[in-house]
Amino acid sequence: MIVTTSPASLSEDQALSVVEKAVKLSKAEEVFVSLSTGEESLSRFSENQISQNISKTVFNLSITSYFGNKSASAAVTEFDEDAPYKTITKNLLTS
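Analysis parameters
Residues numbered from 1 in each chain as written. Predicted model: local features only at pLDDT ≥ 70, side-chain atom pairs only at ≥ 80, totals over all residues. Heavy atoms only, no water. Helix = DSSP H or I, 4+ residues; strand = E, 2+ residues; numbered from the N terminus. Buried < 20%, exposed > 50% of the residue type's maximum accessible area, 1.4 Å probe, protein only. Contact = heavy atoms within 4.5 Å. Areas by Shrake-Rupley, 256 points an atom, 1.4 Å probe, with all protein chains shown as cover. Pairing = 2+ DSSP bridges. Axes fitted to C-alpha atoms, helices over the stretch in contact; angles between N-to-C directions. pLDDT = per-residue confidence, 0-100.

A. Spotlight on the overall build of the protein chain. A count of helices and strands for the protein chain gives 2 helices and 3 strands. For the protein chain, the sequential pattern of α-helices and β-strands runs α-β-β-β-α. With 95 residues in all, the protein chain has 24% of them scored as buried. In the protein chain, the proportion of contacts linking residues at least 24 apart, taken out of those at least 6 apart, comes to 44%. Just so you have it, the protein chain exposes about 6800 Å², and 48% of that area is on carbon and sulfur atoms.

B. Focus on the sheet that holds strand β1 (residues 30-46). Strand order in the open sheet made by the 3 strands is β1-β2-β3, with antiparallel pairing throughout. At either margin of the open sheet sits one strand with a lone partner, and together these are β1 and β3 (70-76). Recorded for the sheet is a direction-independent mean angle of 20° between the axes of neighbouring strands. As judged from the 17 bridges shared by β1 and strand β2 (residues 49-67), these two strands associate in the antiparallel manner. Bridge pairing in β2 places G38 opposite V58. Along the sheet face, helix α1 (residues 12-25) touches β1 and β2 and points at about 135° away from the line of β1.

C. Quick look at the confidence of the model for the protein chain. In the predicted model, the protein chain carries a mean pLDDT of 79, and the fraction of residues at 70 or more is 84%. Looking across the protein chain, the model is least confident in helix α2 (residues 83-94), with a mean pLDDT of 68, and most confident in β1, with 87. The low-confidence segment residues 1-7 (pLDDT under 50) makes 13 contacts with residues lying over four places distant or belonging to another chain.

D. Region of the structure containing unusual backbone geometry. A positive phi angle is found at E47, which is not glycine, with a value near 55°. If you trace the backbone, E47 turns up in the loop between β1 and β2. Even without glycine at this site, N48 takes up a positive phi of about 60°. For N48, the location among the structural elements is in the loop between β1 and β2.

E. The side chain of S26, seen in detail. Relative to the helices and strands, S26 is located in the loop between α1 and β1. When near neighbours in sequence (up to four residues on either side) are disregarded, S26 contacts V31, S65 and I88.

In structure tokens, the structure reads:
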């Protein structure tokens, strides 16, 4: 397993913990977990000057579960302790 994270976001241990928790919660025959974090920035200009500067950390946890010939995918963009549980629950509801 390869884990890479943005320096300003999750540590490698935190990212690995989230992925392991998602895999552990899944009841599927096979599961694919994708976790990405990063920084997004936006600058707004008014009258040739910066009027607003916004920077935020983004988080995306996507899980695809495979049940025989069927598959289901779900994703969350909010990082908290329950992110893997919320995603797995959404995933099971769509399968």
